[in-house]
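A look at the structure
One letter stands for each residue in the lines below.
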Amino acid sequence: MAPEPETMPISVDFLGGLETLFSNNPRHTISLPLLNPSDSSPANVGFLISHLVKNHLKHPRTEFFVQDDGHLTPGILVLINDADWELEGEEECELKAGDKVVFVSTMHGG
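Heads up: these notes are all about the structure in this document.

Conventions and cut-offs
Residues numbered from 1 in each chain as written. Predicted model: local features only at pLDDT ≥ 70, side-chain atom pairs only at ≥ 80, totals over all residues. Heavy atoms only, no water. Salt bridge = Lys/Arg side-chain N within 4 Å of Asp/Glu carboxyl O. Helix = DSSP H or I, 4+ residues; strand = E, 2+ residues; numbered from the N terminus. Buried < 20%, exposed > 50% of the residue type's maximum accessible area, 1.4 Å probe, protein only. Contact = heavy atoms within 4.5 Å. Phe/Tyr/Trp six-rings, centres within 6.5 Å; stacked < 30°, edge-to-face > 60°.

**Here's the deal with the pattern of salt bridges**
Counted according to the given criterion, the structure contains four salt bridges. Here arginine 27 makes a salt bridge to aspartate 13, at a shortest N to O gap of 3.2 Å. With arginine 27 in strand E2 (residues 27–33) and aspartate 13 in strand E1 (residues 7–15), this residue pair connects regions lying 14 residues apart in the sequence. A residue is classified by how much of its surface remains accessible, and aspartate 13, at 4% relative accessible area, is buried. A salt bridge links lysine 96 to aspartate 99; the nearest nitrogen and oxygen atoms lie 3.2 Å apart. Judged by its relative accessible area of 53%, lysine 96 is exposed. Relative accessible area serves as the criterion here: at 4%, aspartate 99 is assigned to the buried category. What you see here is one network of salt bridges that share partners, running through Asp13, Arg27 and Lys100.

**A short note on the environment of glycine 75**
The topology assignment puts glycine 75 in the loop between helix H1 (45–55) and strand E3 (76–80). Owing to a relative accessible area of 29%, glycine 75 belongs among the partly exposed residues under this scheme. Separated by 54 residues in the primary sequence, glycine 75 and leucine 21 have C-alpha atoms spaced 15 Å apart. Here glycine 75 is in contact with Val104, Ser105, Thr106 and Met107, once residues within four sequence places are set aside.

**Some words on the packing of aromatic side chains**
For the coordinates displayed, the defined rule picks out five aromatic pairs. When the centroid spacing of 5.2 Å and the interplanar angle of 80° are considered together, the rings of phenylalanine 22 and phenylalanine 65 count as edge-to-face. Of this pair, phenylalanine 22 sits in the loop between E1 and E2 while phenylalanine 65 sits in the loop between H1 and E3, placing them 43 residues apart in sequence. Grouping residues by exposure puts phenylalanine 22 and phenylalanine 65 together as buried. Geometrically, the ring pair formed by phenylalanine 65 and phenylalanine 103 is edge-to-face, given 5.3 Å between the ring centres and 70° between the ring planes. You can see phenylalanine 65 sitting in the loop between H1 and E3 and its partner phenylalanine 103 sitting in strand E5 (residues 100–105), a full 38 residues away along the chain. Taken as a pair, phenylalanine 65 and phenylalanine 103 share a single burial class, namely buried. Through successive ring pairs, a cluster of aromatic residues spans Phe14, Phe22, Phe65 and Phe103.

Take a look at the structure:
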């Protein structure tokens, strides 16, 4: 049996209705593996997104969060430690213990 991977705590918030996809809970503290098991690279936001879909997304309509190719659905803003992820490298931004990632949906019914 393989040993459990080393993990780090990451704070994740879901706002603008996204919390309904994650057990109606807007705040999560997750244990994210330090390394992406598919290629042993350091954990980044792209890996966090796939980890969230695989382990935390409870709603059957995954397309509200990710597209078929695994990338975020357009209209979701991402903040990494209060900075726009576009300034941090988007999915390639490496994460470290204690980071806070916020996902905000800008799509609202009317």
